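Spelled out from the first residue to the last, the chains are:
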Amino acid sequence: MDEKLVRVGTTYIPVTDVERSARWYTDKLGANLTYIDGDKAIVNLANQSMFLVKSSEGQTSNFIDVYGEECFSLTFEVNGLESLKTLHKEFKENDIKVGHIENRGHAGRNFVFFDPNGNKFDVWSELRMS
């Protein structure tokens, strides 16, 4: 069967303050800002467009799984464990809220981090080439 869905083009992230969030994504994560208005900003990060959409206070992209754990909806990949450790250290030095580097029982290691709105993201040390 031919692949019908080629790639993920855009991810939508709820934020309360579009300008502040756009600045955080560009300053802290190195995203490239391509558009901004009062309701949304478009940033390019990790070969993907992310729309930072003005939303109500407390709204996040996170969800609760069947075990009651808060889950992230997006995992970023880095090229190997040393890259993961370096990024983890850099995030901490840049005052980004991060979790510990974890062994989740599969290949590689992971850690989570949060944007200022409480959106939870994951970073994985295994780079999959497509």
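Residues numbered from 1 in each chain as written. Predicted model: local features only at pLDDT ≥ 70, side-chain atom pairs only at ≥ 80, totals over all residues. Heavy atoms only, no water.

Attention shifts here to the side chain of His88. With respect to the secondary-structure elements, His88 resides in helix H2 (residues 81-93). At 2.7 Å, the side chain of His88 forms a polar contact with the backbone oxygen of Gly99. Once residues within four sequence positions are removed from consideration, His88 is found in contact with Val98, Gly99, His100, Ile101 and Phe111. (Helix = DSSP H or I, 4+ residues; strand = E, 2+ residues; numbered from the N terminus. Polar contact = N/O pair within 3.5 Å; in protein donor to acceptor, adjacent residues only side chain to side chain. Contact = heavy atoms within 4.5 Å.)

Close approach of charged atoms allows side chains with opposite charge to pair. Scanning the entire structure with this criterion turns up six salt bridges. With a shortest N-O distance of 3.9 Å, Glu82 and Lys85 are connected by a salt bridge. Here Glu82 and its partner Lys85 are both found in helix H2, three residues apart, which amounts to about one turn of the helix. The exposure class of Glu82 is exposed, given its relative accessible area of 53%. In this structure, the salt-bridge partner of Glu102 is Arg104, at a minimum N-O distance of 3.4 Å. (Salt bridge = Lys/Arg side-chain N within 4 Å of Asp/Glu carboxyl O. Buried < 20%, exposed > 50% of the residue type's maximum accessible area, 1.4 Å probe, protein only.)

Tyr25, Leu29, Met50, Leu52, Phe76, Phe113 and Phe121 are the most contacted members of the largest nonpolar core, which has 23 residues in total. Listed by contribution, the elements that provide at least two residues to this core are strand E1 (10-15), helix H1 (18-29), strand E3 (40-45), strand E4 (48-54), H2, strand E9 (110-114) and strand E10 (120-124). Among the elements that take part in this core, H1 stands out by supplying five residues, more than any other. Apart from the residues lying within four places of it in its own chain, the contact partners of Phe76 are Leu45, Ala46, Met50, Phe113, Phe121, Asp122, Val123 and Trp124. (Core = buried A, V, L, I, M, F, W, Y, C linked by side-chain atoms within 4.5 Å.)

Note that all results are geometric; they support no functional claim without further evidence.
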